[in-house]
Amino acid sequence: MMENLASQLINTVLEAGFSAAGIAPAKPGAHVKEYLTWLEHYHHAEQSYLARDDYVARRQNLSLILPGVKSILVAAWEYNGVTRHTLVPDRRQGIISCYAQGEDYHTLIARKLHKIVDDFRHTNDIDLQARVYVDTGPVMERDHAVQAGLGFIGKNCNLIVPSGGSYVFLG
């Protein structure tokens, strides 16, 4: 039953326009130790929130984010597939990277994922608890994406998804 629901959820995500999706166990990211070392060396500079005790604790224990969490759904959204290498001049703002054109990706992807969760919850009449993050929370998205089978971390330190390369946002 659970495998069927997982497959159904992944298919729903793909049908919503995401280029890849998978489910990973809710365990800490593979690079938590490296992250802690990075913090110890003050590489986070002025991004003090990255070193806050509660933030670090949640990266190491996902049940602090969502009590009882068992699985993580990771979805990849490919951006500007046709023009992803293009920088667009804008006389008012200078050169704009392709990922920054159009609607803010945080808002777009979060809205899509919230709708997927709500629809899935309603369609299957289940008590599905969820939190949605798009670069906004203490989750190690790349590590979880690798654990979910979406791709691998490349030399550029980005997730490489076979269908979209590194030109994807994760939610």
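Before reading further, recall that the structure is shown in the block above.
Since the structure is predicted, the reported quantities are computational estimates derived from the model, not experimental observations.

Visitor: Account for unusual backbone geometry, with residues named and values stated.
Guide: Unlike most non-glycine residues, Y42 shows phi in positive territory, near 60°. Relative to the elements of secondary structure, Y42 occurs in the loop between α2 (32-40) and α3 (53-60). Backbone geometry places D125, a non-glycine residue, at a positive phi of 50°. Locating D125 in the fold gives a position in the loop between α4 (105-124) and α5 (141-147). Residue classification places D125 among the exposed residues on the basis of a relative accessible area of 72%.

Visitor: Outline the nonpolar core, listing residues and values.
Guide: By size, the foremost hydrophobic cluster in this structure holds 19 residues, and its most contacted members are F18, I109 and L113. Elements represented by at least two residues in this core include exactly α1 (2-15), β2 (71-78) and α4. Judged by nonpolar contacts, the second largest core, of 16 residues, contains A24, I72, V74 and L170.

Visitor: Before we move on, can you summarise the environment of R142 with the specific residues and values?
Guide: If you trace the backbone, R142 turns up in helix α5. In this structure the C-alpha to C-alpha distance between R142 and I160, which are 18 residues apart in sequence, comes to 9.4 Å. Excluding residues that lie within four positions of it along the chain, R142 makes contacts with I153, C157, N158, L159 and L170. A polar side-chain atom of R142 sits 2.2 Å from the main-chain carbonyl oxygen of C157.

Visitor: Quick one: what's the story with the pattern of salt bridges, residue by residue and with numbers?
Guide: Going through the model one piece at a time under the given rule, you end up with 5 salt bridges. Across the pair R52 and D54 runs a salt bridge, and its minimum N-O distance is 2.9 Å. Each of R52, D54 and R58 takes part in a single network of salt bridges with overlapping partners.

Visitor: Quick rundown of α3? Include the residues and the values.
Guide: All buried positions along α3 are accounted for by Y55, V56, R58 and R59. Down the axis of α3, the buried set is contained in an arc of 160°. They therefore lie on one face. Tucked inside the fold, the buried residues of α3 contact α2.

Quick notes on the rules
- Residues numbered from 1 in each chain as written.
- Predicted model: local features only at pLDDT ≥ 70, side-chain atom pairs only at ≥ 80, totals over all residues.
- Heavy atoms only, no water.
- Helix = DSSP H or I, 4+ residues; strand = E, 2+ residues; numbered from the N terminus.
- Buried < 20%, exposed > 50% of the residue type's maximum accessible area, 1.4 Å probe, protein only.
- Core = buried A, V, L, I, M, F, W, Y, C linked by side-chain atoms within 4.5 Å.
- Contact = heavy atoms within 4.5 Å.
- Polar contact = N/O pair within 3.5 Å; in protein donor to acceptor, adjacent residues only side chain to side chain.
- Salt bridge = Lys/Arg side-chain N within 4 Å of Asp/Glu carboxyl O.
- Arc of directions from axis to C-beta.

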